[in-house]
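Chain by chain, the residues run as shown.
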Amino acid sequence: MGKCTGRCTLVGICCLQLAAALQRQIFDFLGYQWAPILANFLHIMAVILGIFGTLHYRSRYLILYSVWLALWVAWNAFIICFYLEVGHLSQHRDLIMNFNTSLHRSWWMENGPGCLVTPVRTPPLSLADHHMVTVTGCLLDYPYIEALSSALQIFLALFGFVYACYVSKVFMDEEDSFDFIGSYDSYGYQAPMKTSHLQLQPLYKPG
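Just so it is clear, the structure is predicted and the values come from calculations on it, not from any experiment.

Student: Looking at this model, I keep getting lost on the packing of helix 2 (residues 34-55) against helix 3 (residues 59-83). Mind explaining?
Tutor: The angle between the axes and the distance between the axes are what describe a pair of packed helices. Taken N-terminus to C-terminus, the directions of helix 2 and helix 3 make an angle of 150°; their axes are 9 Å apart at the nearest point. As the angle between them shows, helix 2 and helix 3 are arranged roughly antiparallel. Handedness of the helix 2/helix 3 crossing: left-handed. Within the contact of helix 2 with helix 3, the residues separate by chemical class into 16 nonpolar, five polar and no charged.

Encoded structure:
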């Protein structure tokens, strides 16, 4: 096509998004974060759709990919607000990330850089799916790790949105440049003019 610059850049952005989403999916699985797991799965499917649309010149797929990226930015903005407890959100009270099915927290809570985990004796009536621990000495607390991860997702999504809009517009412009009706105007073809080498004369029947 001669216009691979935007396409190649978009494919590269999609690959980075895919790698970041898979990495995040692994840690969300380890922390039993069911809502992020579902969102990450949808995001992975949308990124694959975006790669397919870019490689096969499908502008409609890129439009769907762009719409999803807008929703993805909103979701990650919510995660940042959730972990930083903006407004009335509280990660210790609200169990939105787990659909209120368990008390599991972010995997980074106990496995962050430099964190020292000390088990705490739990009463007999405590929930079986949650153990009490104290975490000290973390170089970076887990809410900030989750917020930085979401910020990275937003950063990649914004670049992907811009390039997806640009590439889809290029695809649509190129589709409009072709004449699908069947005429030859787009190819510079001109039908041959009808010429007559013989001049027709009326015939008279002798009387």
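Here the narrative resumes.
Student: Please clarify how unusual backbone geometry should be interpreted in this entry.
Tutor: Trans is the common state for peptide bonds, and a negative phi is the common state for residues other than glycine. For Tyr57, which is not glycine, the phi torsion reads 60° and is therefore positive. Relative to the assigned elements, Tyr57 resides in the loop between helix 2 and helix 3. Positive phi is not limited to glycine here, since Glu85 has a value of about 55°. Inspection of the secondary structure puts Glu85 in the loop between helix 3 and helix 4 (108-111).

Student: Can you help me understand the nonpolar core in this one?
Tutor: Across soluble globular proteins, nonpolar side chains have a tendency to be buried as a group. Of all hydrophobic cores here, the largest spans 15 residues; its most connected members are Leu10, Cys14 and Tyr65. Contributing elements (two or more residues each) for this core: helix 1 (4-30), helix 2, helix 3 and helix 5 (142-176). The greatest single-element share of this core, amounting to five residues, is contributed by helix 3. Discounting chain neighbours no more than four positions away, the residues touching Cys14 are Val47, Gly50, Ile51 and Tyr65. Counting residues in each nonpolar core, the second largest holds seven residues, with Ile79, Met97, Tyr142 and Ile145 among its members.

Student: What is the right way to read the state of the cysteines from this model?
Tutor: The term disulfide refers to a covalent linkage connecting the sulfur atoms of a pair of cysteines. On inspection of all chains with the given rule, the structure shows one disulfide. Covalent S-S linkage joins Cys115 and Cys138, the inter-sulfur distance amounting to 1.9 Å. Here the disulfide of Cys115 and Cys138 is right-handed, its torsion about the S-S bond being about 125°. Within this pair, whereas Cys115 is found in the loop between helix 4 and strand 1 (116-119), its partner Cys138 is found in the loop between strand 2 (133-136) and helix 5, the two being separated by 23 residues in sequence. Residue classification places Cys115 among the buried positions, given a relative accessible area of 18%. A relative accessible area of 22% places Cys138 in the partly exposed class.

Student: Would you take a moment to explain the confidence of the model for the protein for this structure?
Tutor: Interpretation of the predicted coordinates at a detailed level should be avoided for regions scoring low in pLDDT. Across the protein, pLDDT averages 80, with 72% of residues at or above 70. Here residues 125-129 scores under 50 on pLDDT; set against residues more than four positions off or in separate chains, the count is five contacts. Segment residues 179-189: pLDDT under 50, and six contacts once partners within four positions in sequence are set aside and those in other chains are kept.

Student: Can you walk me through the UniProt feature "transmembrane region" (unreviewed entry) in the protein in this structure?
Tutor: Mapped onto this structure's residue numbering, the UniProt feature "transmembrane region" (unreviewed entry) falls at residues 34-55, 62-85 and 147-166. For residues 62-85, the helix share is 92%, the strand share is 0%, and the end-to-end C-alpha distance is 34 Å.

Student: What's the story with a nonpolar patch on the surface in this structure? I'm lost.
Tutor: Together, Leu84, Val86, Leu139, Leu140, Tyr144 and Leu148 make up a nonpolar patch on the protein surface, roughly 590 Å² of accessible area in all. Within the element layout of this structure, Tyr144 appears in helix 5.

Student: What exactly am I supposed to notice about the packing of aromatic side chains here?
Tutor: How two aromatic rings sit relative to each other is given by the distance of their centres and the angle of their planes. Using the criterion set out here, one finds 12 aromatic pairs in the structure. For the pair Phe52 and Tyr61, a centre-to-centre distance of 5.6 Å together with 40° between the ring planes defines the contact as tilted. Accessibility expressed as a relative area gives 35% for Phe52, which makes it partly exposed. Residue classification places Tyr61 among the partly exposed positions, given a relative accessible area of 28%. Feature note: the residues Trp75, Phe78, Phe82, Tyr83 and Tyr142 constitute an aromatic cluster, connected by ring pairs.

About the thresholds
- Residues numbered from 1 in each chain as written.
- Predicted model: local features only at pLDDT ≥ 70, side-chain atom pairs only at ≥ 80, totals over all residues.
- Heavy atoms only, no water.
- Axes fitted to C-alpha atoms, helices over the stretch in contact; angles between N-to-C directions.
- Helix = DSSP H or I, 4+ residues; strand = E, 2+ residues; numbered from the N terminus.
- Parallel < 35°, antiparallel > 145°, perpendicular 65-115°, else oblique.
- Left-handed = near helix turned anticlockwise from the far one by under 90°.
- Nonpolar A, V, L, I, M, F, W, Y, C, P; charged D, E, K, R; others polar.
- Core = buried A, V, L, I, M, F, W, Y, C linked by side-chain atoms within 4.5 Å.
- Buried < 20%, exposed > 50% of the residue type's maximum accessible area, 1.4 Å probe, protein only.
- Contact = heavy atoms within 4.5 Å.
- Disulfide = S-S within 2.5 Å.
- pLDDT = per-residue confidence, 0-100.
- UniProt positions renumbered as here; feature names shortened; annotations may be inferred.
- Patch = residues over 30% accessible without salt bridge, like charges linked within 9 Å, V, L, I, M, F, W, Y side chains within 5 Å.
- Areas by Shrake-Rupley, 256 points an atom, 1.4 Å probe, with all protein chains shown as cover.
- Salt bridge = Lys/Arg side-chain N within 4 Å of Asp/Glu carboxyl O.
- Phe/Tyr/Trp six-rings, centres within 6.5 Å; stacked < 30°, edge-to-face > 60°.

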